[in-house]
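Okay, here's what each chain looks like letter by letter:
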Amino acid sequence: MQDNREITNEEVQKASEIINNLLSYYNSKVVGQPYLGYSLLVAMMTNGHVLLESVPGLAKTTAARVMTEAVNGSFSRIQCTPDLIPSDIIGTQMYNMATNTFEDKIGPVYSNFVLLDEINRSSAKTQSAMLEAMQEREVSIGGKTYKLPEVFVVIATQNPIESEGTYVLSEAQLDRFLLKETVTYPSARDEMEILNRVEAGVFSDVKSGASVDDVVYLQKLCKRIYIDPAIKKYIVDIVQATRMTDKILVPELAQYVAMGASTRAAIAFMEVAKAIALINGRRYCVPDDVKALRYSVLRHRIMLTFAAVAEDVKIEKIIDAIIGSVKTP
């Protein structure tokens, strides 16, 4: 049931304190990836899932673990390999010789934060089992259904460089992720700071800045953020524009778009806009809240042609052109 009560100043103040604690903790541990921390925070507040793409060794696992520590939540890391099977993730029935019965053993998916490392290395069958858990937020073992935790965020990583022995995620599977972030190499200054922090032992100092209950509080507050019909229309216009690029973009760019975004993109835009409004201490959404994470919402939902890949056309350039063609309310 939708809670339509107006958000009070006290509630906004409490939310701001929680958010500041989480971001401060993240920034004290992770260097040079502010957008990643922002996206992980938005995912927590909306109970969405994040796909991270980068070469190895750029703190994807560290960032996921730091955000888990920040709320004192449970964390599971699953290293995906071609021989990984669904029961390794979801769980299975184990025979108990003492009681002569089968007992359900829940897999590592039952955590507040689940890191799927190199998801594209697992088989299509294993990927679909995990993505089903992400969507339904429950797993079935031996005919019995288990609800996943109230705060359940999957952070999947993939390496775009190596393609040998990988199973590419389909468009329908990619659409299940609320956001897709690309993590880039740090600057020389940031890399120096990383060395200093590792030497100082910052990762051994674990002091949670909030709790899982605080995250649930933020999630409930996000649902009560006011979004005007004009902002909703703006979101719909953006998503509709991705499907008619031949009419709104110049031919040089329109030729690179093979398929536009689904309705799930519109839902993602709305949820993300509400979270960003709350992060900025507001009870209502403005157009800038919609545009703030436009790349993260759309980069895995707009499919490019082979020509775009061959000519190294950046998806961000096309997203900017699409949003630039839509009138801001």
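These numbers were taken from a predicted model, which means no experiment stands behind them.

Focus on the pairing of strand E3 (residues 91-96)
Then comes step 1: The pairing of E3 with strand E4 (residues 101-106) spans six bridges and is classified as antiparallel. Pairing of Gly91 across the sheet is with Ile106, part of E4.
Then comes step 2: The hairpin formed by E3 and E4 contains four residues between the paired strands, and Asn100 there has a positive phi angle of roughly 60 degrees.

Some points on the pattern of salt bridges
Then comes step 1: Counted under the stated rule, the structure contains 15 salt bridges.
Then comes step 2: As a salt-bridge pair, Lys180 and Glu53 come within 3.3 Å of each other at their nearest N and O atoms. Of the two residues, Lys180 is situated in strand E9 (residues 179-182) and Glu53 in strand E1 (residues 50-53); the sequence distance between them amounts to 127 residues.
Then comes step 3: On the basis of relative accessible area, Lys180 is assigned to the buried category, the value being 12%.
Then comes step 4: Across the salt bridge formed by Lys233 and Asp237, the nearest N and O atoms sit 3.0 Å from each other. Residue Lys233 and its partner Asp237 are both found in helix H9 (residues 229-242); the two are separated by four residues, about one turn of the helix.
Then comes step 5: The network of salt bridges with common partners includes Asp175, Arg264 and Arg301.

Topic: the sheet that holds strand E5 (residues 113-117)
By way of backbone hydrogen bonds, the strands of a sheet pair with one another, either parallel or antiparallel.
Then comes step 1: One open sheet holds the five strands; their spatial order is E2-E5-E8-E1-E9, and the pairing between them is parallel. The open sheet has two free edges, formed respectively by strand E2 (75-79) and E9, since each of these has just one partner strand. Neighbour-to-neighbour, the strand axes of the sheet open up by a mean angle of 15 degrees, direction not taken into account.

Quick notes on helix H7 (residues 188-200)
Then comes step 1: Over its 13 residues, H7 runs 19 Å from end to end, which matches the ideal 18 Å to within 8%, given 1.5 Å per residue.
Then comes step 2: One or two residues past the end of H7 sits Gly201, with phi positive at roughly 75 degrees.

Overview of the nonpolar core
Then comes step 1: In terms of nonpolar packing, the biggest core is built from 82 residues, with Leu22, Met45, Leu218 and Leu278 touching the most fellow members.
Then comes step 2: Top contributing element to this core by residue count: helix H12 (residues 263-279), with eleven residues.
Then comes step 3: If we skip the residues at most four places from it in the chain, Leu218 touches Ala15, Ile18, Ile19, Leu22, Met45 and Leu278.
Then comes step 4: Of all hydrophobic cores here, the second largest spans 26 residues; its members include Ala129, Leu131, Met134 and Met303.

Brief notes about a nonpolar patch on the surface
Then comes step 1: A cluster of nonpolar residues, Tyr95, Met97 and Phe102, forms a patch on the protein surface that exposes about 410 Å² of accessible area.
Then comes step 2: Assignment of secondary structure puts Met97 in the loop between E3 and E4.
Then comes step 3: For Met97, a relative accessible area of 72% puts it in the exposed group.

Concerning the packing of helix H1 (residues 9-29) against helix H3 (residues 60-70)
Then comes step 1: The N-to-C vectors of H1 and H3 enclose an angle of 140 degrees; their axes lie 9 Å apart at closest approach. Taken together, H1 and H3 sit at an angle that is classed as oblique. As H1 packs across H3, the resulting crossing turns out to be right-handed. In this structure, H1 uses Leu22, Tyr25, Tyr26 and Lys29 to contact H3, whose residues at the interface are Ala63, Val66, Met67, Glu69 and Ala70.
Then comes step 2: Residue classes in the contact of H1 with H3 are distributed as seven nonpolar, no polar and two charged.

Details of the packing of aromatic side chains
Then comes step 1: Considering all chains together, one arrives at one aromatic pair under this definition.
Then comes step 2: Taking NZ or CZ as reference, Arg282 lies 5.8 Å from the ring centre of Tyr284, over its face.
Then comes step 3: We note Arg294 situated over the ring of Tyr295; from NZ or CZ to the ring centre the distance is 4.6 Å.

Quick notes on the environment of Arg137
Then comes step 1: With respect to the secondary-structure elements, Arg137 resides in the loop between helix H5 (124-136) and strand E6 (138-141).
Then comes step 2: Given the relative accessible area of 24%, Arg137 is considered partly exposed.
Then comes step 3: Along the primary structure Arg137 and Val151 are separated by 14 residues, whereas in three dimensions their C-alpha atoms are 9.9 Å apart.
Then comes step 4: Apart from the residues within four sequence positions on either side, Arg137 is in contact with Asn47, Gly48, His49, Glu132, Lys147, Leu148 and Phe152.
Then comes step 5: Within the structure, the side chain of Arg137 is placed 3.0 Å from the backbone oxygen of Phe152, a separation counted as a polar contact.

Concerning helix H8 (residues 212-223)
Then comes step 1: Taking 1.5 Å per residue as the helical rise, H8 with its twelve residues ought to reach 16 Å, and the 17 Å between its terminal C-alpha atoms agrees with that figure.
Then comes step 2: Regarding H8, the residues found buried are Asp214, Val215, Val216, Tyr217, Leu218, Gln219, Leu221 and Cys222.
Then comes step 3: Buried residues belonging to H8 abut H1, helix H2 (34-46) and H12.

The rules behind the values
Residues numbered from 1 in each chain as written. Predicted model: local features only at pLDDT ≥ 70, side-chain atom pairs only at ≥ 80, totals over all residues. Heavy atoms only, no water. Pairing = 2+ DSSP bridges. Helix = DSSP H or I, 4+ residues; strand = E, 2+ residues; numbered from the N terminus. Salt bridge = Lys/Arg side-chain N within 4 Å of Asp/Glu carboxyl O. Buried < 20%, exposed > 50% of the residue type's maximum accessible area, 1.4 Å probe, protein only. Axes fitted to C-alpha atoms, helices over the stretch in contact; angles between N-to-C directions. Expected span 1.5 Å × (residues − 1). Core = buried A, V, L, I, M, F, W, Y, C linked by side-chain atoms within 4.5 Å. Contact = heavy atoms within 4.5 Å. Patch = residues over 30% accessible without salt bridge, like charges linked within 9 Å, V, L, I, M, F, W, Y side chains within 5 Å. Areas by Shrake-Rupley, 256 points an atom, 1.4 Å probe, with all protein chains shown as cover. Parallel < 35°, antiparallel > 145°, perpendicular 65-115°, else oblique. Left-handed = near helix turned anticlockwise from the far one by under 90°. Nonpolar A, V, L, I, M, F, W, Y, C, P; charged D, E, K, R; others polar. Phe/Tyr/Trp six-rings, centres within 6.5 Å; stacked < 30°, edge-to-face > 60°. Lys NZ or Arg CZ within 6 Å of the ring centre and 35° of its normal. Polar contact = N/O pair within 3.5 Å; in protein donor to acceptor, adjacent residues only side chain to side chain.

Read these as spatial facts, not as claims about activity.
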